[in-house]
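The chain contents come next:
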Amino acid sequence: MTNAQREDYHASLEIAGAPDLKLVSKLPDVGTTIFTVMSRLANECGAINLSQGFPDFACPEALVDEVTRAMREGHNQYPPMAGIESLRQAIARKIEALYGVRVDPETEVTVVSGATEGLYNAITAAIRPGDEAIIFDPAYDSYDPVIRLAGGSTRRIAMRYPEYAIDWDEVEDSVSPRTRLIIVNSPHNPSGAILRAADMQALSGIANRHDLCIISDEVYEHIIFDGEEHQSVLRYPALRERAFAIFSFGKTYHATGWKVGYCVAPPALTAEYRKIHQFNTFTTCTPMQHALARFMENSAHYLELPAFYQAKRDHLRESLRDSRLRALPCSGTYFQLFDYSAISDKGDYDFAQRLTREHGVAVIPVSVFHGDHTDHKVIRVCFAKHEATLDRAAAILRRL
Ligand code: PMP
Ligand code: GLN
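Report follows, based on the coordinates.

What counts and what doesn't
- Residues numbered from 1 in each chain as written.
- Chains lettered and ligands numbered in written order.
- Predicted model: local features only at pLDDT ≥ 70, side-chain atom pairs only at ≥ 80, totals over all residues.
- Heavy atoms only, no water.
- Near = heavy atom within 4 Å.
- Polar contact = N/O pair within 3.5 Å; in protein donor to acceptor, adjacent residues only side chain to side chain.
- Areas by Shrake-Rupley, 256 points an atom, 1.4 Å probe, with all protein chains shown as cover.
- 1 Å grid on protein atoms, 1.4 Å probe; cavity = no way out; pocket = protein on both sides within 12 Å on 5 of 7 lines; lining within 4 Å.
- Sits in = over half its atoms within 2 Å of the grid points.
- Nonpolar A, V, L, I, M, F, W, Y, C, P; charged D, E, K, R; others polar.
- Patch = residues over 30% accessible without salt bridge, like charges linked within 9 Å, V, L, I, M, F, W, Y side chains within 5 Å.
- Salt bridge = Lys/Arg side-chain N within 4 Å of Asp/Glu carboxyl O.
- Lys, Arg positive; Asp, Glu negative; His and termini not counted.
- Charge placed at Lys NZ, Arg CZ, Asp CG, Glu CD.
- Helix = DSSP H or I, 4+ residues; strand = E, 2+ residues; numbered from the N terminus.
- Pairing = 2+ DSSP bridges.
- Axes fitted to C-alpha atoms, helices over the stretch in contact; angles between N-to-C directions.
- Contact = heavy atoms within 4.5 Å.
- Buried < 20%, exposed > 50% of the residue type's maximum accessible area, 1.4 Å probe, protein only.

Taken together, Phe35, Gln52, Gly53, Tyr140, Asn189, Lys251, Phe335 and Arg380 form the complete shell of residues around ligand 2. Taking Gly53, its main chain carries an N or O atom lying 2.6 Å from an oxygen atom of ligand 2. Arg380 has a polar side-chain atom sitting 2.7 Å from an oxygen atom of ligand 2. Relative to its unbound accessible area of 300 Å², ligand 2 is 80% covered by the protein chains. Using a 2 Å cut-off from the grid points, one finds that ligand 2 occupies the largest pocket. When the residues that make up the shell around ligand 2 are grouped by side-chain class, the tally is 3 nonpolar, 3 polar and 2 charged.

Moving on, we come to a negative patch on the surface. Judged by side-chain charge, Asp167, Asp169, Glu170 and Asp173 come together as a negatively charged surface patch. With respect to the helices and strands, the residue Asp173 is situated in helix 7 (residues 168–174).

The subject of this paragraph is the sheet that holds strand 5 (residues 179–185). Ordered in space as 2-8-7-6-5-3-4, the 7 strands form an open sheet in which the pairing is mixed. Either end of the sheet is taken by a strand with one partner, and the two such strands are strand 2 (109–112) and strand 4 (153–158). Geometrically, the sheet is characterised by an average inter-axis angle of 20 degrees between neighbouring strands, direction not taken into account. Two strands pair when backbone bridges link them, and strand 3 (residues 132–137) and strand 4 are joined in this way by 6 bridges, in the parallel orientation. Along strand 4, the bridge assignment pairs Ile134 with Arg155. Packed on one face of the sheet, helix 11 (residues 267–280) meets strand 2, strand 7 (243–248) and strand 8 (261–264) and runs near 20 degrees to strand 2.

Attention shifts here to the pairing of strand 7. With 6 of its 6 residues buried, strand 7 lies for the most part within the structure. The alternating pattern of strand 7 places Ala243, Ala245 and Phe247 on one face and Phe244, Ile246 and Ser248 on the opposite face, and all of these are buried. Bridge count between strand 6 (residues 213–217) and strand 7: 4 bridges; the pairing is parallel. Looking at the pairing, Asp217 lines up with Ile246 of strand 7. Pairing analysis gives 4 bridges linking strand 7 to strand 8, with the strands arranged antiparallel. Residue pairing for strand 8: Ile246 is matched across the bridge by Cys263.

Have a look at this one:
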């Protein structure tokens, strides 16, 4: 990204309409998220939007019917602060079935308004002023600003390109007396890489040796391919006792706009977590909670997700096999990275903008997820779309 582009990208910082009021920004280097920037541009240009991650197909009709039913039944007032009991119980049953661990819905499960809130609460609970948190670049964009809002600082470690693997020796060498927290994310947005059992063992060793807290962002737990098993932090007793595991219903039920998620953490961590949740959103939309509690009883929907999304990944990769875009490995999430260096030597931000404006396909430049804006000339393409949408986009991308 050039300086001019960065200025453009950060132009949204200016506080409009209050000429006499000057706030000293707590996040002077932060602009509007790239997801908003690219989706807005896609809409302005009438481009096919493969940038921000959301399906272009409907969430299950039966789930929508459950919301209507819950509203008609009168579930329209504040729910309990930690989430309705039946939903927390359904979550605990699911976790036991999938990850072989019993969690207490009363003291270990908290329903929140999306994983974004879930992460905010966990980071705020873990980080005190002066603490350091380790995150991995390219990193989901909410982690670092929230760490800094809590008074902490971020130590960014680059994942090894192009497989986006973590060098655990480097992680251990980076731990300082001030390190308090490591945030992991598997399946990983934006790279599509996953953590395997050996990674979890290495993470567990480091966390135990240095007495660190873990936040595990597992919003893509069900979107994992090629027969791989999701390595939830909850499967590992030594990790589980020091971890906040964060999940989102948005990805699982094709309903990203609902903003309902949950956090699973041991009782002492959950107690601190809820102190923050109660003064952040306090509660999460009541009828949605009832609908999800009922709908979750049928596990078929999320158990089908790997095959459902793997078919879309394969379709996209196959459609672009003869193009000049080179697909990188993708083991999970609904994002596929492509190296475009055979097409252009422009920076990825510039390339993504031109692709949107001039060719009508919006994608995400990956350098924005790197603290130092490392640019490997790769773009992120969301394949949570109808095949027809992917085909229309592929027809354009093949001509590049
Ligand atoms: N973490 C990751 C890695 C994500 O990709 C997202 C958004 N898709 C979130 C957290 C936030 O999830 P939610 O929409 O439930 O707030
Ligand atoms: N997580 C979604 C993505 O990676 C977008 C979430 C958002 O827009 N904040 O595209």
